[in-house]
Amino acid sequence: MKLYELNKTQKINDSIENVFDFFSKPENLKTITPEKLSFNILTPIPINMDKGTVIDYTIRLFGIRVHWRTLITKYNPPYEFVDEQIKGPYNFWHHTHKFKKVDGGVEISDKVIYSIPMGVFGSVLHFLWIKRDLEKIFTHRRKVIEDILVNKNFENNENYKRNS
């Protein structure tokens, strides 16, 4: 099984508690996911995030609805959590989210290790489309996170779940 790795970092001028709070609400995934994926959470909300939490949702790939199920395998607020795919479009998906206090705010780090199904065809598909699409998804996510957490633009992000 060929493994691929995607690493992204982003610095946010906010407290680690606020940043972690945003990411600890699975409902906010819809806000940071590009609309073209038609992200939809199936698990009843609100979802209490913790080690062992299972989250079901759907996305659209090539116009086909795909069921994705993840398990939170590590939960260490406000510093880190890990979600792993139980069911979904990848053979393997392991996403580590880390949050670290730095001068001027918080550094958000994402490390995704994943594997594509379909053997050689999957490798070609990864080269031609999947890798670039994941880059676009994380670029979109970066902009939305900046808009919400730095610019405090809540009005244009009606899906954002704030502390209440």
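Residues numbered from 1 in each chain as written. Predicted model: local features only at pLDDT ≥ 70, side-chain atom pairs only at ≥ 80, totals over all residues. Heavy atoms only, no water.

### Quick notes on the overall build of the protein chain
Okay, so step 1: Across its full length, the protein chain holds 3 helices and 7 strands.
Okay, so step 2: A globule of 164 residues ought to have a C-alpha radius of gyration of about 15 Å, and the protein chain, at 16 Å, matches this closely.
Okay, so step 3: Each of the three principal axes of the protein chain carries a C-alpha extent, and together these read 45 × 35 × 30 Å.
Okay, so step 4: Sequence separation of at least 24 residues holds for 49% of the intrachain contacts in the protein chain that already meet a minimum separation of 6.
Okay, so step 5: If you sum the accessible surface of the protein chain, you get close to 9300 Å²; carbon and sulfur atoms cover 52% of it. (Helix = DSSP H or I, 4+ residues; strand = E, 2+ residues; numbered from the N terminus. Rg over C-alpha atoms; globule rule 2.2 N^0.38 Å. Contact = heavy atoms within 4.5 Å. Areas by Shrake-Rupley, 256 points an atom, 1.4 Å probe, with all protein chains shown as cover.)

### Structural notes on the sheet that holds strand β2 (residues 40-41)
Okay, so step 1: Pairing is antiparallel in the open sheet, where 7 strands are placed in the order β1-β7-β6-β5-β4-β3-β2. The sheet terminates laterally at β1 (4-12) and β2, the two strands that pair on one side only.
Okay, so step 2: As paired elements, strand β5 (residues 80-87) and strand β6 (residues 92-102) share 5 bridges and run antiparallel to each other. What sits directly across from Phe-81, in β6, is His-97. (Pairing = 2+ DSSP bridges.)

### Points about the environment of Ile-41
Okay, so step 1: Of note, Ile-41 is situated in strand β2.
Okay, so step 2: A residue is classified by how much of its surface remains accessible, and Ile-41, at 19% relative accessible area, is buried.
Okay, so step 3: Note: C-alpha distance between Ile-41 and Ile-55 (14 residues apart in sequence) is 7.7 Å.
Okay, so step 4: Setting aside residues no more than four positions away along its own chain, Ile-41 makes contact with Pro-26, Glu-27, Ile-47, Asp-56 and Tyr-57. (Buried < 20%, exposed > 50% of the residue type's maximum accessible area, 1.4 Å probe, protein only.)

### Quick word on unusual backbone geometry
Okay, so step 1: A cis amide bond links Ile-45 with the next residue in sequence, Pro-46, at an omega value of 5°.
Okay, so step 2: Structurally, Pro-46 can be placed in the loop between β2 and β3 (54-61).
Okay, so step 3: Along the chain, Pro-77 connects to Pro-78 via a cis peptide bond; the corresponding omega equals -5°.
Okay, so step 4: Looking at the element boundaries, Pro-78 is found in the loop between β4 (64-76) and β5.
Okay, so step 5: The residue Phe-62 is not glycine, and still its phi comes out positive at about 55°.
Okay, so step 6: In this structure, Phe-62 sits in the loop between β3 and β4.
Okay, so step 7: Its identity is not glycine, yet Met-118 carries a phi of approximately 80°, on the positive side.

### Things to note about the pairing of β5
Okay, so step 1: As paired strands, β4 and β5 are joined by 7 bridges and run antiparallel to one another. Looking at the pairing, Tyr-75 lines up with Phe-81 of β5.
Okay, so step 2: The antiparallel hairpin formed by β4 and β5 contains 3 residues in its connecting segment.
Okay, so step 3: Here β5 hands over to β6 after 4 residues, the two strands then running antiparallel side by side.

### Focus on the side chain of Asp-83
Okay, so step 1: Looking at the element boundaries, Asp-83 is found in strand β5.
Okay, so step 2: For the buried Asp-83, no salt bridge exists, and the shortest N-O distance to an oppositely charged side chain is 7.3 Å, to Arg-141.
Okay, so step 3: A polar atom in the side chain of Asp-83 sits 2.7 Å from the side chain of His-97. (Lys, Arg positive; Asp, Glu negative; His and termini not counted. Salt bridge = Lys/Arg side-chain N within 4 Å of Asp/Glu carboxyl O. Polar contact = N/O pair within 3.5 Å; in protein donor to acceptor, adjacent residues only side chain to side chain.)

In short, geometric facts, not functional conclusions.
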